[in-house]
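Geometric and topological summary
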Amino acid sequence: MTDFLIQFLVRDFSKTNHPLVRERYGKMAAGVGIATNLCLFALKIVMGLWVGSVAIVADAVNNLSDSASSLVLLIGFYLAGRPADAEHPYGHARMEYIAGMVISFFIVLLGFQLGLSSWKKILNPEPVLFHRTLVVSLLIAIAGKFWQSRFYKTVGQRIGSVALLATSEDSRNDILATTAVLLSSLAGAFLGWQIDGWMGLLVALFILYSGIRLISDTMTPLLGTAPDPQLIETIRERVLSYEHVLGLHDLTLHNYGETRIYASLHCEIDANHDVMDSHELIDRIERDFYHDLGIRMVIHMDPIIADDLRSDALQDEVSALLTHISPLLKMHDFRVVWGKKLTKVIFDIEVPYDFSLSDEDLLLLIEERLRELSPTYHAVLRIDHEDVY
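These numbers come from a predicted model, not from an experiment.

Attention now moves to the packing of aromatic side chains. By convention here, two paired aromatic rings are described through the distance between centres and the angle between planes. By the definition in use, this model includes three aromatic pairs. Ring plane angle 55 degrees and centroid distance 5.8 Å describe the contact between F151 and Y152, whose orientation is recorded as tilted. A relative accessible area of 1% means that F151 is categorised as buried. Judged by its relative accessible area of 1%, Y152 is buried. Centroid distance F334 to F347: 5.9 Å. Interplanar angle 25 degrees. Geometry classified as stacked.

Attention now moves to the sheet that holds strand β5 (residues 343-350). Strands sit in the order β4-β5-β6 across an open sheet of three strands; the sheet is mixed. Two strands lie at the open edges of the sheet, namely β4 (330-337) and β6 (377-384), each paired on one side alone. Geometrically, the sheet is characterised by an average inter-axis angle of 15 degrees between neighbouring strands, direction not taken into account. On top of the sheet, helix α10 (residues 309-325) reaches β4, β5 and β6; it is set at about 140 degrees to β4, its chief contact.

Right, let's get into a nonpolar patch on the surface. On the surface, M1, F4, F8 and L9 cluster together into a nonpolar patch covering about 500 Å² of accessible area. By secondary structure assignment, the location of F4 is in helix α1 (residues 2-9). Under the relative-accessibility criterion, F4 is labelled exposed at 51%.

With that settled, the discussion passes to the layout of surface pockets. There is about 760 Å³ of room inside the second largest pocket. In terms of lining residues, the second largest pocket is bounded by 30 residues, among which H249, E268, M331, H332 and D333 are the most central. Those elements that provide at least two residues to the lining of the second largest pocket are α8 (229-240), β1 (245-255), β3 (295-304), α10 and β4. In terms of residue count, the dominant contributor to the lining of the second largest pocket is β4 (seven residues). Taken together, the residues that form the lining of the second largest pocket break down as 15 nonpolar, five polar and 10 charged.

Judged by pairing direction, the sheet is mixed, and its three strands sit side by side in the order β1-β2-β3 without closing on themselves. Across the chains shown, the open sheet's two edge strands, defined by having one partner strand only, are β1 and β3. In this sheet, neighbouring strand axes are inclined to one another by 15 degrees on average, regardless of whether the strands run parallel or antiparallel. In this structure, strand β2 (residues 261-270) lies alongside β3, joined through 10 bridges in parallel fashion. In the strand pairing of β3, D270 is matched with I304.

Take unusual backbone geometry next. The backbone phi angle of H244 is positive, close to 80 degrees, even though this residue is not glycine. Locating H244 in the fold gives a position in the loop between α8 and β1. For H244, a relative accessible area of 37% translates into the label partly exposed.

Next up on the list: the pattern of salt bridges. Tallied over the entire structure, the rule returns six salt bridges. Here R238 and D292 are joined by a salt bridge, their closest N and O atoms 2.2 Å apart. Of this pair, R238 sits in helix α8 while D292 is found in helix α9 (residues 275-293), placing the two residues 54 residues apart along the sequence. Residue R238 is classed as partly exposed on the basis of its relative accessible area, which comes to 26%. A salt bridge links R382 to D348, with the nearest nitrogen and oxygen atoms 3.2 Å apart. Here D348 lies in strand β5 and R382 lies in strand β6, a separation of 34 residues in the sequence. The partly exposed category is assigned to R382, whose relative accessible area is 43%. With a relative accessible area of 10%, D348 lands in the buried category.

Mapped onto the fold, S278 is located in helix α9. Once the C-alpha coordinates of S278 and V245 are considered, the two residues, 33 residues apart in sequence, prove to be 9.1 Å apart. Excluding its chain neighbours within four sequence positions, the residues that come into contact with S278 are I269, H273 and M301.

A separate point is the pairing of β2. In terms of burial, β2 is largely enclosed, as seven of its 10 residues are buried. As judged from the eight bridges shared by β1 and β2, these two strands associate in the antiparallel manner. Bridging from a neighbouring strand, H249 pairs with H266 of β2. Tracing the backbone out of β2, into α9 and back to the parallel element β3 gives a crossover that is right-handed.

A separate point is the packing of α8 against α9. Helix-helix packing is characterised by the crossing angle of the two axes and by the distance between the axes. The contact between α8 and α9 brings their axes to 11 Å, and the two run at 135 degrees. Taken together, α8 and α9 sit at an angle that is classed as oblique. In this structure, α8 crosses over α9, and the sense of that crossing is right-handed. Residue-level contacts link I235, R238 and V239 of α8 to I285, D288, F289, D292 and L293 of α9. Residues of the contact of α8 with α9, tallied by class, amount to five nonpolar, no polar and three charged.

Conventions used here
- Residues numbered from 1 in each chain as written.
- Predicted model: local features only at pLDDT ≥ 70, side-chain atom pairs only at ≥ 80, totals over all residues.
- Heavy atoms only, no water.
- Phe/Tyr/Trp six-rings, centres within 6.5 Å; stacked < 30°, edge-to-face > 60°.
- Buried < 20%, exposed > 50% of the residue type's maximum accessible area, 1.4 Å probe, protein only.
- Pairing = 2+ DSSP bridges.
- Helix = DSSP H or I, 4+ residues; strand = E, 2+ residues; numbered from the N terminus.
- Axes fitted to C-alpha atoms, helices over the stretch in contact; angles between N-to-C directions.
- Contact = heavy atoms within 4.5 Å.
- Patch = residues over 30% accessible without salt bridge, like charges linked within 9 Å, V, L, I, M, F, W, Y side chains within 5 Å.
- Areas by Shrake-Rupley, 256 points an atom, 1.4 Å probe, with all protein chains shown as cover.
- Salt bridge = Lys/Arg side-chain N within 4 Å of Asp/Glu carboxyl O.
- 1 Å grid on protein atoms, 1.4 Å probe; cavity = no way out; pocket = protein on both sides within 12 Å on 5 of 7 lines; lining within 4 Å.
- Points joined across faces, edges and corners; volume = space filled by probe spheres on them.
- Nonpolar A, V, L, I, M, F, W, Y, C, P; charged D, E, K, R; others polar.
- Right-handed = clockwise from strand over helix to strand, strands pointing away.
- Parallel < 35°, antiparallel > 145°, perpendicular 65-115°, else oblique.
- Left-handed = near helix turned anticlockwise from the far one by under 90°.

Put into structure tokens, the structure is as follows:
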């Protein structure tokens, strides 16, 4: 069913990396969410009012809020698809995250209000009318939410949407909430337990939990997160596949939305290679990344002297020195300026954020170990942390 909807409603559905196609996916998912949630709301509100169940009414209002959330999601995808302008040169793709944040706060507010209504029902319990039609209706609602959760997850994974994946989890929580409502109805009918208010409160807690979790999920990409390790590895393998590229370092990634990725890195090229050819190679790599992956890449070329045996031997010694301090330390941009009385040993060090030594103490320790190799060595060091790869 999901594949049919995608193929029928999303033009060029196979081009998921294209911003316009991704926008179509988001609008389609939001539209389906609005329609299905309105149907579930109508079904549950009729049943809830008929049997006098606050839990079912609460669950129905939850579905109505899901429709409103899908509407906000639709607006968010529409705004996220707007092109860059003078005030927003990196585009509007993060509007998708902002839409998710609005949905999250709305869900939390609704959960709080429904919790108050359920508490009143606990204090003043009333018998709930039971009918087999009610059971069938709730089972249909559970099946509908199960399909909806799978639908959101499939589309969210296909286009890498945090908002849609969070909405999928919200639908999954709705399954548990509706199941709780069904159990309260059965308990009242067959055991005489008046737990409708308690189940309504449980539904409200599920809504609150979902909203708070959605806030966390949508806030994280707005604050900025570490890039996907798989994407880092893909970039490394692709860059190293080009002839004459000896290595790379200082890779940084910035995300301004799922389709707005900016990257920079240092590319190591043999210093003896023709400079014009090296420049053309760097330009080609940048163009290929944008064309094939949609990544706006800026590359700095680092010329490497590959046939200096004396410097290579010292580099091996320094590398062993760093490994002895900690296997977590990595080195790049190694250069040596040889002199009779003073030799400058220049390199960058990649250091984890949670390293046991402060940057200052680590630099002092490395300088001390270098002087043990030779008193003429003078360290010129720079520390990189885990925001570069």
